[in-house]
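# Fold and geometry: a report
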Amino acid sequence: GGTWTLASALNIGASSLGLTAGTLNTAGFTVTCSLFTSTGTLTRVLNLGASTLVCTGASPWVLAVTGLTFNAGTSTIQLTSASNITFSGLGLTYNDVSFPTGTTGNITVTGANTYNNLTFASKSSVSMSRVSFDSNQTITGTLTIPAPTTLGASRYILASNTYATTRTITAAAVSLTDVDFQDIT
């Protein structure tokens, strides 16, 4: 157990940050790590407040809901890997989640998650990135995918992770340019 409250920004680079028991208050500071993990069944509380979490790894966000109290606050989670990324959302409610680097790989999102805003960066390389969802997603604010730097040559495809199985993305507002959809309503 125990309670930890950050007093300044925390940058541990390519290392992972884990919460296995107790309470972590990020206190509005920026946290940079390769992977944030909170697994197991012990009682854990994660209070993100107004922090920005910058996670750089390919599987940057790994949580287990048993024993976890998750408070997103007004935080922003940035998943910055330029290769394939898996976001294991676990059906939790997030404030802002973004993929700000315009990945050249694919993105997998698991869990029936709720976001305030869900944002993908403009793609700058000639490529198609598949964003696959294993569950329905809800965005209470805006789903944003801006125009690529080379219109028509770079794009995202939002798709179900299972062919012919429909997933629903419910968004209060959308700002989409040059996006394809497969099995998404």
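Here the structure is a predicted model, which means the values were calculated and not measured.

### Comments concerning the pattern of salt bridges
By the definition in use, this model includes two salt bridges. For arginine 155, the salt bridge goes to aspartate 178, with nearest N and O atoms at 2.5 Å. Of this pair, arginine 155 sits in strand β19 (residues 155-160) while aspartate 178 sits in the loop between β20 (169-176) and β21 (179-182), and the two are 23 residues apart along the sequence. The residue arginine 155 makes a salt bridge to aspartate 180 at a minimum N-O spacing of 3.0 Å. Of this pair, arginine 155 sits in strand β19 while aspartate 180 is found in strand β21, placing the two residues 25 residues apart along the sequence. Among the charged side chains, a salt-bridge network with shared partners connects Arg155, Asp178 and Asp180.

### Some words on the packing of aromatic side chains
Applying the stated rule across the entire model yields nine aromatic pairs. Between tryptophan 61 and phenylalanine 70, the aromatic rings sit 6.2 Å apart at their centres with planes inclined by 75°, giving edge-to-face as the arrangement. Phenylalanine 70 shares its class with tryptophan 61; the two are buried. Among the aromatic residues, those joined into a cluster by ring pairs are Phe36, Trp61, Phe70, Phe87, Tyr94 and Tyr115.

### Overview of the side chain of asparagine 25
Within the fold, asparagine 25 resides in strand β4 (residues 22-25). Residue asparagine 25 is classed as buried on the basis of its relative accessible area, which comes to 18%. Non-local contacts of asparagine 25, meaning those with residues more than four positions away in its chain, are made with Thr3, Trp4, Thr5, Leu6 and Asn47.

### Here we look at the nonpolar core
If you look at the biggest cluster of nonpolar residues, it comprises 39 residues, and the most contacted ones within it are Phe36, Trp61 and Tyr94. Here the element with the most residues in this core is strand β18 (residues 137-145); it accounts for three residues. Look past the residues within four positions of phenylalanine 36 in its chain and what remains in contact with it is Leu17, Leu19, Leu24, Leu46, Cys55, Pro60, Trp61, Val62 and Leu63.

The rules we used
For every chain, the first residue of its written sequence is number 1, and the numbers climb from 1 along that sequence. Under the rules for a predicted model, residues below a pLDDT of 70 receive no local features and side-chain atom pairs below 80 are neither given nor counted, while totals for whole chains, interfaces and linings still include all residues. Only hydrogens and water are set aside when side-chain values are computed; all heavy atoms of the structure are taken into account. Note on definitions: salt bridges are taken to be side-chain nitrogens of Lys or Arg within 4 Å of carboxyl oxygens of Asp or Glu. Numbering goes from the N terminus for both helices and strands, where a helix is a DSSP run of H or I of at least four residues and a strand is a run of E of at least two. Stacked, tilted and edge-to-face are the three classes applied to pairs of Phe, Tyr and Trp rings, where Trp contributes its six-membered ring and a pair requires centres within 6.5 Å; stacked means planes under 30 degrees apart, edge-to-face means over 60, and tilted covers the rest. Think of it in three bands: with a 1.4 Å probe and only protein chains considered, a residue is buried below 20% of the maximum accessible area for its type, exposed above 50%, and partly exposed in between. Should any heavy atoms of two residues lie within 4.5 Å, those residues are considered in contact. Among the buried residues, those of types Ala, Val, Leu, Ile, Met, Phe, Trp, Tyr and Cys that are joined through side-chain atoms within 4.5 Å form a nonpolar core.

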